[in-house]
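Spelled out from the first residue to the last, the chains are:
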Amino acid sequence: AKKRKVAIWYEHLSKAGGTSMCNLANSNMAKSEVPNYYCMPSEPKKIDARVGQWDNNKLKLYIDQNKKYIVSNEWEPFPLERLAMRPDAAAAAENHNDDDDPWLIFVTTIRHPLNRIISALKFLGQIHF
């Protein structure tokens with residue numbers, strides 16, 4: 001039997017560990033499986049293709065054609081339609097998924113609020129230390 005592909009949907013909260021998460025992916029996955037720009041998919045003339053705006057079919061096509069198995073969404077709210085790509089939803093809705101459709105595993109990182117504020121202020125150049 002053919003094994004179904006599994007990809008990570010990383011819901012990136014700004015200044016909450018996205019670079020560390022992408023570094024973790026690069027350390028544990030083949031380089032070819034990780035998008036080059038902070039795990040965010042790209043398109044021609046777009047370094048960050050705003051994966052949160054894609055529909056599920058476009059995401060499935062991207063994973064299949066590009067063989068990228070982690071995508072990071074930072075700028076848009078979590079698209080609820082992605083839940084149809086989770087393993088238990090795929091099994092329950094067999095008529096909407098087939099063995100070639102990838103499953104998504106959802107991951108996010110949460111940072112202590114004070115550390116997040118300090119990180120944001122450093123990033124924005126408001127504090128220096």
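Criteria and thresholds
- Residues numbered from 1 in each chain as written.
- Predicted model: local features only at pLDDT ≥ 70, side-chain atom pairs only at ≥ 80, totals over all residues.
- Heavy atoms only, no water.
- Helix = DSSP H or I, 4+ residues; strand = E, 2+ residues; numbered from the N terminus.
- Buried < 20%, exposed > 50% of the residue type's maximum accessible area, 1.4 Å probe, protein only.
- Contact = heavy atoms within 4.5 Å.
- Areas by Shrake-Rupley, 256 points an atom, 1.4 Å probe, with all protein chains shown as cover.
- Polar contact = N/O pair within 3.5 Å; in protein donor to acceptor, adjacent residues only side chain to side chain.
- Pairing = 2+ DSSP bridges.
- Axes fitted to C-alpha atoms, helices over the stretch in contact; angles between N-to-C directions.
- Patch = residues over 30% accessible without salt bridge, like charges linked within 9 Å, V, L, I, M, F, W, Y side chains within 5 Å.
- Salt bridge = Lys/Arg side-chain N within 4 Å of Asp/Glu carboxyl O.

Our focus in this paragraph is the overall build of the chain. Within the chain, the secondary structure is distributed over four helices and three strands. Put simply, the chain runs from its N terminus to its C terminus through helices and strands in the order β-α-α-β-α-β-α. Among the 129 residues that make up the chain, the fraction classed as buried is 34%. Contacts in the chain between residues at least 24 apart in sequence constitute 66% of all its contacts with a sequence separation of at least 6. Total accessible area computed for the chain in this model is approximately 8,300 Å², and 56% of it derives from carbon and sulfur atoms.

Here we come to the side chain of N56. With respect to the helices and strands, the residue N56 is situated in helix α2 (residues 56-66). Assessed through its relative accessible area of 10%, N56 is described here as buried. Within the structure, the side chain of N56 is placed 2.7 Å from the backbone oxygen of E81, a separation counted as a polar contact. Leave out the neighbours within four places in its chain, and N56 touches E81, R82, A84 and M85.

Bridge analysis of strand β1 (residues 6-11) against strand β3 (residues 103-108) gives six bridges, and the strand direction is parallel. Bridging across to β3, I8 finds its partner in I105. The pairing of β1 with strand β2 (residues 70-73) spans four bridges and is parallel. Along β2, the bridge assignment pairs Y10 with S72.

All right, on to the sheet that holds β2 then. Across the sheet, which stays open at both edges, the three strands sit in the order β2-β1-β3 with parallel pairing between neighbours. The open sheet has two free edges, formed respectively by β2 and β3, since each of these has just one partner strand. Here the average twist between neighbouring strands, direction ignored, is 25 degrees.

This paragraph deals with a nonpolar patch on the surface. A cluster of nonpolar side chains, Y37, Y38 and I47, forms an exposed patch at the surface whose accessible area comes to about 320 Å². Mapped onto the fold, I47 is located in the loop between α1 (18-28) and α2.

Right, let's talk about the environment of P41 for a bit. Of note, P41 is situated in the loop between α1 and α2. On the accessibility criterion, P41 (0% relative accessible area) is buried. Separated by 25 residues in the primary sequence, P41 and N66 have C-alpha atoms spaced 9.6 Å apart. Excluding residues that lie within four positions of it along the chain, P41 makes contacts with P35, I47, D48, A49, V51, W54, Y62, V71 and S72.

The subject of this paragraph is the environment of N28. As for its position among the elements, N28 is in helix α1. The class of N28 is exposed, set by a relative accessible area of 60%.

So, on to the pattern of salt bridges. Side chains that carry opposite charge are capable of pairing whenever their charged atoms lie near each other. Under the counting rule described, the total for this entry stands at seven salt bridges. Across the pair E43 and K58 runs a salt bridge whose closest N-O atoms are separated by 2.6 Å. Taken together, the positions of E43 in the loop between α1 and α2 and K58 in helix α2 put the pair 15 residues apart, joining distant regions of the chain. A residue is classified by how much of its surface remains accessible, and K58, at 35% relative accessible area, is partly exposed. The structure contains a network of salt bridges with shared partners spanning E43, K46 and K58.

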